[in-house]
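Breakdown of the fold
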Amino acid sequence: MGFEVGAVPFNPEGWGPLDTSCPPSLFNHLSHVPFAPFSRSDKLGRIADWTRNYNASASRKDAHHHHSVFDFALDDPSPGGLSPGLAADEDPSFRLVDGKPPPRPRFGPKWRFNPNQNRSNLPQRRDDNPSQSDKDQTRGGGGAAGSRFGGPPDRRPFGRPYQPRREAAIFKSSVDIQPEWTMLEQIPFSTFTKLSYSVADPPEDLLVCGGLESYDRTYDRVNPKNERRLERFKSRNFFKVTTTDDPVVRRLANEDRATVFATDAILSALMCAPRSAYSWDIVVQRVGNKLFFDKRDGSQLDLLSVNETSQEPLPESKDDINSAHSLSIEAAYINQNFSQQVLVRDGNKVTFDEPNPFASEGEEVASVAYRYRRWKLDDDLYLVSRCEVHAVLDNKGQRSFLTLNALNEFDPKYTGVDWRQKLETQRGAVLATELKNNANKLAKWTAQAMLGGADMMKIGYVSRVHPRDHFNHAILSVVGYKPREFAAQINLNPANMWGIVKSMVDLCMKLNEGKYVIVKDPAKPQVRIYEVPPDAFENDYVEEPLPEEEQVQPPSEDQNDSSAKEDGAGDSAAAVEEGGEKKEVMSEA
């Protein structure tokens with residue numbers, strides 16, 4: 001057997017058979033149709049085109065004008081137009097099903113120069129890279145805000161700079177849930193919002209301890225153009241003592257003056273629970289027929305949350321000065337220093353029945369009065385709470401109690417509202433933004449003012465001197481509100497607040513004697529009640545101090561200044577044990 005190839009004529013002018021060598025039946029047959037013996041849907045790659053001129057100096061149009069059907073240079077994405085290593089998937093016959101152009105920002109690229117824009121329109125930090133879902137949300141296309149927070153898409157006012165959303169932070173539980181704990185109840189916040197209960201107003205004052213200084217009225221005239229630098233009060237001590245460690249509460253419990261005991265900080269956390277986003281916990285102890293609501297040592301209830309209810313999550317790294325943990329410590333430091341700076345510090349104090357029950361003799365303490373007040377919850381059920389007021393004001397011979405708190409601005413880029421520009425002209429817009437971002441904190445301040453019987457609550461606006469400097473701050477303005485009027489303004493219903501407390505008290509009174517903990521779920525709007533061992537959250541170990549010669553000596557002042565700048569160490573809360581009673585002192589690190 002054999003195979004005859006036959007005569008292959010030589011074509012000196014090109015490749016393929018000569019026109020004269022073709023059979024008569026094929027001569028001039030479809031001469032205007034290119035030779036393509038394959039379907040256009042077949043991905044066969046490229047055929048060898050020996051007629052292509054690879055001389056870079058030759059013009060593509062002149063070299064291939066008569067071979068345009070076989071010319072693949074049109075789909076070449078390279079600048080030179082001629083790339084011998086083109087991939088097969090770049091064939092022009094291939095078409096995507098979705099051929100719509102990629103989306104563009106609503107108002108154009110944020111780096112486009114616009115002389116009318118302010119400094120806040122400059123590109124943000126490197127970590128502000130939005131995901132595709134975030135871009136869709138900013139265009140009003142749905143998704144991020146609507147699905148994550150159950151609200152409508154973000155409607156930014158025209159002219160506000162584009163700020164990409166960060167991914168939502170994963171909140172952690174405020175207390176580690178141990179395997180031996182038993183979960184007894186799980187209560188959603190939707191149940192809390194339906195509760196209502198009325199208590200007799202005003203409550204009965206059993207005892208008032210401590211001393212108060214007068215409020216300095218000159219701070220009502222402070223404005224951003226006449227700001228005051230925030231001072232530091234290192235020598236004044238602040239006490240955050242829990243319920244069962246309070247000697248006055250123990251005395252009232254022994255005298256059987258009430259059944260339920262708590263503090264205003266713990267009650268306000270329960271009353272405003274539906275507005276909370278971060279996790280918190282309250283320890284409940286049932287001793288005989290008595291019920292004590294406590295907080296743990298180092299609890300989050302001693303700190304102040306910042307931007308808790310904001311849709312812009314804060315950085316998760318604790319080393320970042322704008323993380324939730326760092327801002328909480330900074331806010332607590334600002335709040336305490338502000339409450340002492342706006343007073344008339346002339347040495348004159350209004351004293352009450354007893355001195356500060358937590359201070360040692362000769363110790364300088366902050367201006368605070370503790371009012372032990374009693375409410376009647378039922379026929380044989382009374383609640384006693386230790387409530388705080390921070391200042392006194394004489395108005396036409398009448399004494400008024402005040403509470404002093406401070407909102408802090410850390411970076412206008414997170415809120416889009418610059419206090420130094422808006423406080424004088426648009427104070428309502430600034431307050432509305434704070435109510436949106438700090439709804440739980442403002443509600444708790446209002447609840448504490450109402451529990452303490454304050455006639456006025458003063459709220460200060462304190463901002464950083466520079467957004468990246470968390471050591472130095474300035475007071476921009478101080479505004480006063482009546483607690484009940486402000487509660488109505490922020491839609492805080494006292495009947496609902498007491499309804500939550502009454503329902504939790506009734507639920508805990510049905511439990512057996514022992515220790516329990518109420519934990520707000522970090523991811524869901526609900527609280528859980530766990531039964532814990534009697535020795536939970538207790539640490540009886542006390543470390544003995546080293547001899548003086550073995551202690552580490554502190555560095556010099558110059559080393560302190562340089563290390564503080566390098567480390568970025570902020571202000572921290574330190575728990576101090578003195579005279580058998582626990583106290584916490586906010587001090588600068």
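No experiment lies behind these values; they were computed from the predicted model shown.

About the criteria used
- Residues numbered from 1 in each chain as written.
- Predicted model: local features only at pLDDT ≥ 70, side-chain atom pairs only at ≥ 80, totals over all residues.
- Heavy atoms only, no water.
- Helix = DSSP H or I, 4+ residues; strand = E, 2+ residues; numbered from the N terminus.
- Buried < 20%, exposed > 50% of the residue type's maximum accessible area, 1.4 Å probe, protein only.
- Contact = heavy atoms within 4.5 Å.
- Areas by Shrake-Rupley, 256 points an atom, 1.4 Å probe, with all protein chains shown as cover.
- Pairing = 2+ DSSP bridges.
- Axes fitted to C-alpha atoms, helices over the stretch in contact; angles between N-to-C directions.
- Expected span 1.5 Å × (residues − 1).
- Polar contact = N/O pair within 3.5 Å; in protein donor to acceptor, adjacent residues only side chain to side chain.
- Core = buried A, V, L, I, M, F, W, Y, C linked by side-chain atoms within 4.5 Å.
- Parallel < 35°, antiparallel > 145°, perpendicular 65-115°, else oblique.
- Left-handed = near helix turned anticlockwise from the far one by under 90°.
- Nonpolar A, V, L, I, M, F, W, Y, C, P; charged D, E, K, R; others polar.
- Phe/Tyr/Trp six-rings, centres within 6.5 Å; stacked < 30°, edge-to-face > 60°.
- Patch = residues over 30% accessible without salt bridge, like charges linked within 9 Å, V, L, I, M, F, W, Y side chains within 5 Å.
- Salt bridge = Lys/Arg side-chain N within 4 Å of Asp/Glu carboxyl O.

1. Re the overall build of the protein
When its secondary structure is counted, the protein shows 14 helices and 17 strands. Looking at the protein as a whole, 43% of its 589 residues qualify as buried. Relative to all contacts within the protein whose residues are 6 or more apart in sequence, the contacts with residues 24 or more apart total 72%. Of the roughly 33800 Å² of accessible surface on the protein, a fraction of 51% belongs to carbon and sulfur atoms.

2. Digging into the environment of Phe-401
By secondary structure assignment, the location of Phe-401 is in strand S11 (residues 398–409). The spacing of Phe-401 and Gly-453 is 52 residues in sequence and 7.5 Å in space, taken between C-alpha atoms. Filtering out sequence-adjacent residues up to four positions away, Phe-401 remains in contact with Leu-212, Phe-352, Arg-371, Val-389, Ala-391, Ala-454, Asp-455 and Met-456.

3. Let's talk about the sheet that holds strand S2 (residues 204–212)
Taking strand neighbours across the sheet as the criterion, the ten strands line up as S1-S15-S14-S5-S6-S4-S9-S8-S2-S7 in an open arrangement whose pairing is mixed. Bordering the open sheet on either side are strand S1 (182–188) and strand S7 (350–351), each of which pairs with just one other strand. Pairing analysis gives seven bridges linking S2 to strand S8 (residues 368–376), with the strands arranged antiparallel. Within S8, the residue paired with Gly-211 across the bridge is Val-368. Set on the sheet, helix H6 (residues 264–271) makes contact with strand S4 (260–263), strand S5 (281–287), strand S6 (290–294) and strand S9 (382–389); between it and S9 the angle comes to about 105°.

4. Brief notes about helix H7 (residues 324–341)
For H7, spanning 18 residues, the distance from its first C-alpha to its last is 25 Å, which sits close to the expected 26 Å at 1.5 Å a residue. Among the 18 residues that make up H7, 16 are buried, leaving the element largely enclosed by the rest of the structure.

5. Section: the side chain of Asn-237
Inspection of the secondary structure assignment puts Asn-237 in the loop between strand S3 (228–229) and helix H5 (247–254). At 2.2 Å, the side chain of Asn-237 forms a polar contact with the side chain of Glu-363.

6. Here's the deal with the side chain of Ser-276
You can see Ser-276 is positioned in the loop between H6 and S5. Residue Ser-276 is classed as buried on the basis of its relative accessible area of 8%. Separated by 2.7 Å, the side chain of Ser-276 and the backbone oxygen of Ala-273 make a polar contact. Among the polar contacts made by the side chain of Ser-276, one reaches the side chain of Trp-280 at a distance of 3.2 Å. Those residues in contact with Ser-276, other than ones at most four positions away along the chain, are Phe-189, Glu-308, Asn-440 and Lys-520.

7. So, the nonpolar core
By size, the foremost hydrophobic cluster in this structure holds 77 residues, and its most contacted members are Ile-282, Phe-293, Tyr-461 and Ile-518. Apart from the residues within four sequence positions on either side, Phe-293 is in contact with Thr-243, Val-260, Phe-261, Ala-262, Ile-266, Leu-270, Ile-282, Val-283, Val-284, Val-505 and Ile-518.

8. Notes on the pairing of S9
Most of S9 sits inside the fold, with seven of its eight residues counted as buried. Where S8 meets S9, eight bridges bridge the pair, whose relative direction is antiparallel. Within S9, the position partnered with Trp-375 by the bridge is Leu-383. The loop that links S8 with its antiparallel partner S9 comprises five residues.

9. Some points on the packing of H6 against helix H11 (residues 439–451)
The geometry of H6 relative to H11 is characterised by a closest axis approach of 9 Å and an angle of 125° between their N-to-C directions. Comparing their axes, H11 and H6 come out oblique. Crossing hand, H6 versus H11: right-handed. Of the residues in H11, those touching H6 at Asp-264, Ala-265, Leu-267, Ser-268, Ala-269 and Met-271 are Lys-444, Ala-447, Gln-448 and Leu-451. Considering only residue class, the contact of H6 with H11 consists of six nonpolar, two polar and two charged.

10. So, the packing of aromatic side chains
Per the stated rule, a full pass over the model turns up eleven aromatic pairs. Measuring from ring centre to ring centre gives 5.1 Å for Phe-410 and Tyr-414, while their planes differ by 50°; the resulting arrangement is tilted. Of the two residues, Phe-410 and Tyr-414, both sit in the buried class. Geometrically, the ring pair formed by Tyr-481 and Phe-486 is tilted, given 4.8 Å between the ring centres and 45° between the ring planes.

11. Section: the packing of H6 against helix H13 (residues 494–509)
For the pair H6 and H13, the least separation of the axes is 8 Å and the interaxial angle reads 105°. As summarised for this structure, H6 and H13 are arranged roughly perpendicular, according to the angle between their axes. Residues Leu-267, Leu-270 and Met-271 of H6 form the contact with H13, whose participating residues are Met-497, Trp-498, Ile-500, Val-501 and Met-504. When grouped by side-chain class, the residues that make up the contact of H6 with H13 number eight nonpolar, no polar and no charged.

12. Some points on a nonpolar patch on the surface
Taken together, Phe-3, Val-5 and Val-8 make up a surface patch of nonpolar side chains, about 400 Å² in accessible area. Among the secondary structure elements, Val-8 is positioned in the segment before helix H1 (60–63).

13. Overview of unusual backbone geometry
Here the amide bond leading from Asp-201 into Pro-202 is cis, since omega sits at 5°, within 30 degrees of zero. Here Pro-202 lies in the loop between helix H4 (189–192) and S2. Here Asp-256, not a glycine, exhibits a phi torsion of approximately 60°, which is positive. Mapped onto the elements, Asp-256 comes out in the loop between H5 and S4. In this structure, Asn-307 takes a positive phi of about 55° despite not being glycine. Tracing the backbone shows Asn-307 in the loop between S6 and H7. For Asn-307, a relative accessible area of 5% translates into the label buried.

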